[in-house]
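Given next are the chains, with one letter for each unit.
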Amino acid sequence: MAKVGGSEQESVDGMLRCVEEFCKKTPCFKVQTVGLGIFVQPGVAPTNKPTFVLTVPVVRSEEVSSHHKALMGESLSNPHFEAEYYLPHRWTPHITLAQRDDGMDQEVLGMAVTHLTANHASFDWEIDITCIIVRVMHGPGGKTVDHHFMLQPRPTVTTPPATTTEKEEEGV
């Protein structure tokens, strides 16, 4: 989830423009996933209990890293974007499976993992990435909004039709 600092609306608008521009020039791509992952978020008042985000980690391929670098280059030009978790040495590519605005505690996390692994799923998938979703929380405890940006269609590769010789046509 993206956090914004400075002038919140200016920051959000700038970040969303960066993602939109990236998606206008980037074709869909494939990623490989592996296993389950968990992010631990520090507790906040009044309970100070940590909360959790359940994810499927994405293998950090050259293509994934290249796309991340392109997005970060655009985002870092926005002076209000707080990029701490998105810097290359801190960023972990992933797909979020479960996250609650009010925080997911250990009990809910345990139930989710138990349910997801009941059929011995490996979470080893190849997935087509067709859009980028940016989740923005407006202010502490504020409304969460998801912004969807479609990537461009993958270029199609066409193979010219095979040519035949006269002898092949005659069956020789």
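Residues numbered from 1 in each chain as written. Predicted model: local features only at pLDDT ≥ 70, side-chain atom pairs only at ≥ 80, totals over all residues. Heavy atoms only, no water.

Asker: Honestly, the environment of Val-44 in this entry has me stumped. Any pointers?
Answerer: When you line up the elements, Val-44 lands in the loop between β2 (37-41) and β3 (51-57). Take Val-44: its relative accessible area is 59%, and that puts it in the exposed class. Separated by 59 residues in the primary sequence, Val-44 and Gly-103 place their C-alpha atoms 9.7 Å from one another. (Helix = DSSP H or I, 4+ residues; strand = E, 2+ residues; numbered from the N terminus. Buried < 20%, exposed > 50% of the residue type's maximum accessible area, 1.4 Å probe, protein only.)

Asker: How should I be thinking about helix α3 (residues 106-117) in this particular structure?
Answerer: For an α-helix, 3.6 residues make a turn, and residues three or four places apart therefore share a direction. Taking 1.5 Å per residue, twelve residues should reach 16 Å; α3 reaches 16 Å between its end C-alpha atoms and fits that length. Backbone nitrogen of Glu-107 and a side-chain oxygen of the N-cap are separated by 3.2 Å at the start of α3; the cap is Asp-105. (Expected span 1.5 Å × (residues − 1). Polar contact = N/O pair within 3.5 Å; in protein donor to acceptor, adjacent residues only side chain to side chain.)

Asker: What am I meant to see in the pairing of strand β6 (residues 131-137) here?
Answerer: Every regular strand shows the same layout, with side chains that alternate between the two sheet faces. Of the two faces of β6, the one lined by Ile-132, Val-134 and Val-136 is fully buried and the one lined by Cys-131, Ile-133, Arg-135 and Met-137 carries no buried residue. Two elements, β6 and strand β7 (residues 144-150), share seven bridges in a ladder whose sense is antiparallel. Bridge pairing links Val-134 to His-147 in β7. (Pairing = 2+ DSSP bridges.)

Asker: Looking at this structure, how should I read the pattern of salt bridges?
Answerer: As a working rule, side chains carrying opposite charge can pair if their charged atoms are close by. Scanning all chains against the criterion turns up five salt bridges. Its salt-bridge partner being Glu-126, residue Lys-30 comes within 3.9 Å of it at the nearest N-O pair. Taken together, the residues Lys-30 in strand β1 (residues 29-32) and Glu-126 in strand β5 (residues 126-129) connect sequence positions 96 residues apart. You can call Lys-30 partly exposed: its relative accessible area is 38%. By relative accessible area, Glu-126 is classed as exposed at 56%. Put simply, Arg-135 and Asp-146 hold a salt bridge, and the shortest N to O gap is 2.7 Å. Placement of the pair is Arg-135 in strand β6 and Asp-146 in strand β7, with a sequence separation of eleven residues. Asp-146 gets classed as partly exposed once you look at its relative accessible area, which sits at 34%. Each member of the salt-bridge network shares a partner with another, and the members are Lys-30, Glu-126, Asp-128 and Arg-154. (Salt bridge = Lys/Arg side-chain N within 4 Å of Asp/Glu carboxyl O.)

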